[in-house]
Amino acid sequence: MPKSTWQAGVKAGATAVVAGSSAGTLSWVAYSYLMSQATAARGVIGRNVAKPPEADGVYAPGSAAVGRWRRGTPFDLHLMIFGDSTAAGVGCLTAEEVPGVQIARRLADETGKRVRLSTKAIGGATSRGLSGQVDAMFVAGPPPDAAVILVGANDVTAKNSIRASARRLGEAVARLREHDCAVVVGTCPDLGVVTAIPQPLRTVVRTWGLRLARAQAVAVTAAGGHPVALADLLAREFLAAPDRMFSADHFHPSAAGYELAAMQIVPVLATALGMWHGGPLPDLPEVSEAAEARKFSTRTLASLNRFLWRRAARRRATGRLDDLLGIEEASASRARKAAQ
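An account of the accompanying structure is given in this report. For clarity, every value in this text was computed on a predicted model and none was experimentally measured.

### A short note on helix α9 (residues 230-240)
Thinking step 1. Burial of α9 is extensive: eight of the eleven residues sit out of reach of the surface.
Thinking step 2. All of the buried residues along α9 are Leu230, Ala231, Asp232, Leu233, Leu234, Ala235, Phe238 and Leu239.

Rendered as structure tokens:
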């Protein structure tokens, strides 16, 4: 995402955090601290300007090859990918790693259909850009049979309104649903797993992202789409193995991270198409318990609880020692009296 977008988003987020304080000096200190953290995080994350590998084509069940699509090339299902850099596959080194490819291959194997993959996603896009992506789809040809949308992280860093961002996403879903397109949306990821963002700034963007994800889920459902709560479904694995789940920029997923997302999306997508044969789907969670444990406030409270527990344990130990010394002193006193 562009540096200016990141800085603008953090500036707005920091302002929101400190605006409620009546102590002007304290507010400015908090604001300056969060801004310094944003600068440091941006330096670690950098800006990934690499173009994702070209991945569009036709994917057949059980085949490792990809067929180049030309007008007249046969296929059974047309899958289109909308959204931001995660939808486009930024962080991937080969076409096989791109999330659209991983979804298309799994969908082809599950349904036994030849899946044509088309990508409209653009790196850096927010929910504002979805309308243009859908417009481009209509210009290029008829609507697809299925669509996957991944968007939200840039709305957080750009500090876009949660309500407006969710509404714009819902409008894009509704436009696709009007043409009988099955739509699955991976809602805003949990930015609390991005350890390159220091605390307490990470808690600020995480809280904003989870609020957006909940609003997205409501808007998508109302528009007839199917939300997938990536924040909770992926957080535990990303926290457990960040070196494997993140790409070199420490912000976008790696091939393994995208694969994990595809594994959550495909069953919902196949179900929306009426082609899922893997059994009933579980209810998907919305809030990441794993990343919740990493919140600054949560860790502070846990540290306080450990301190209080250790102090209470020392008091209990001291009390038992005093009791023991008292028993020994009483025994010695009785022994002295008996000797006399």
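Structure shown, so let's carry the discussion forward.
### Points about the environment of Ile122
Thinking step 1. With respect to the element layout, Ile122 can be found in the loop between β4 (115-119) and α5 (130-140).
Thinking step 2. For Ile122, a relative accessible area of 51% translates into the label exposed.

### Regarding the sheet that holds strand β6 (residues 182-186)
Each strand in a sheet pairs with its neighbour through backbone hydrogen bonds, running either in the same direction (parallel) or in the opposite one (antiparallel).
Thinking step 1. Strand order in this open sheet of seven strands is β2-β1-β4-β3-β5-β6-β7, and the pairing throughout is mixed. Of all strands in the sheet, those with a lone pairing partner are β2 (66-67) and β7 (226-228), marking the two edges.
Thinking step 2. Looking at chain direction, β6 and β7 are connected through three bridges and run parallel. Across the sheet, residue Val185 finds its bridge partner in β7, namely Pro227.

### Focus on the environment of Arg163
Thinking step 1. Relative to the helices and strands, Arg163 is located in helix α7 (residues 162-177).
Thinking step 2. Since its relative accessible area comes to 73%, Arg163 is described here as exposed.
Thinking step 3. Separated by 49 residues in the primary sequence, Arg163 and Leu212 place their C-alpha atoms 7.9 Å from one another.

### Here's the deal with the nonpolar core
Thinking step 1. Among the nonpolar cores identified, the biggest contains 58 residues, and Leu79, Ile103, Leu117, Val148, Val194, Leu269 and Leu273 are the most heavily contacted of them.
Thinking step 2. At ten residues, the largest contribution of residues to this core is made by helix α11 (residues 255-272).
Thinking step 3. Not counting chain neighbours up to four residues away, the residues in contact with Val148 comprise Leu79, Met80, Ile81, Phe82, Ile103, Val184, Ile265 and Leu269.
Thinking step 4. Judged by nonpolar contacts, the second largest core, of 17 residues, contains Leu130, Leu176, Cys181 and Val183.

### As for α11
Thinking step 1. Counted at 1.5 Å a residue, the expected span for α11 with its 18 residues is 26 Å, and the 25 Å between its end C-alpha atoms agrees.
Thinking step 2. Buried within α11 we find Ala256, Gly257, Tyr258, Leu260, Ala261, Ala262, Ile265, Val266, Pro267, Val268, Leu269 and Ala270.
Thinking step 3. Gly274 sits one or two residues past α11 and shows a positive phi near 75 degrees.

### Brief notes about the packing of aromatic side chains
Geometry of an aromatic ring pair is reported as the spacing of the ring centres plus the angle between the planes.
Thinking step 1. Counting across every chain of the model gives one aromatic pair.
Thinking step 2. Measuring from ring centre to ring centre gives 5.0 Å for Phe238 and Phe246, while their planes differ by 80 degrees; the resulting arrangement is edge-to-face.
Thinking step 3. Exposure remark for Phe246: the relative accessible area of 9% places this residue in the buried category.
Thinking step 4. Looking at Arg211, its charged tip hangs above the ring of Trp208, at a distance of 5.7 Å from the centre.

### Some words on the pattern of salt bridges
Thinking step 1. Enumeration according to the criterion identifies five salt bridges in this entry.
Thinking step 2. For Arg105, the salt bridge is made with Glu96, and the minimal N-O distance between the two is 2.9 Å.
Thinking step 3. Given a relative accessible area of 41%, Glu96 falls into the partly exposed group.
Thinking step 4. Between Asp190 and Arg206 there is a salt bridge, with the nearest N and O atoms lying 3.3 Å from each other. Note that Asp190 is positioned in the loop between β6 and α8 (201-222) and Arg206 in helix α8, a separation of 16 residues in sequence.
Thinking step 5. For Asp190, a relative accessible area of 4% corresponds to the buried category.

### Quick word on the side chain of Gln216
Thinking step 1. With respect to the secondary-structure elements, Gln216 resides in helix α8.
Thinking step 2. Under the relative-accessibility criterion, Gln216 is labelled buried at 2%.

### Some details on the packing of α9 against α11
Thinking step 1. Direction vectors running N to C along α9 and α11 enclose 150 degrees, while the axes themselves pass 10 Å from each other. Judged by the inter-axis angle, α9 sits roughly antiparallel to α11. In the crossing of α9 with α11, the sense of the turn from one axis to the other is right-handed. Touching Leu233, Leu234, Glu237 and Phe238 of α9 are Gly257, Leu260, Ala261 and Gln264, all from α11.
Thinking step 2. Of the residues belonging to the contact of α9 with α11, the class tally is five nonpolar, two polar and one charged.

Calculation criteria
- Residues numbered from 1 in each chain as written.
- Predicted model: local features only at pLDDT ≥ 70, side-chain atom pairs only at ≥ 80, totals over all residues.
- Heavy atoms only, no water.
- Buried < 20%, exposed > 50% of the residue type's maximum accessible area, 1.4 Å probe, protein only.
- Helix = DSSP H or I, 4+ residues; strand = E, 2+ residues; numbered from the N terminus.
- Pairing = 2+ DSSP bridges.
- Core = buried A, V, L, I, M, F, W, Y, C linked by side-chain atoms within 4.5 Å.
- Contact = heavy atoms within 4.5 Å.
- Expected span 1.5 Å × (residues − 1).
- Phe/Tyr/Trp six-rings, centres within 6.5 Å; stacked < 30°, edge-to-face > 60°.
- Lys NZ or Arg CZ within 6 Å of the ring centre and 35° of its normal.
- Salt bridge = Lys/Arg side-chain N within 4 Å of Asp/Glu carboxyl O.
- Axes fitted to C-alpha atoms, helices over the stretch in contact; angles between N-to-C directions.
- Parallel < 35°, antiparallel > 145°, perpendicular 65-115°, else oblique.
- Left-handed = near helix turned anticlockwise from the far one by under 90°.
- Nonpolar A, V, L, I, M, F, W, Y, C, P; charged D, E, K, R; others polar.

The values are spatial; any link to function lies outside them.
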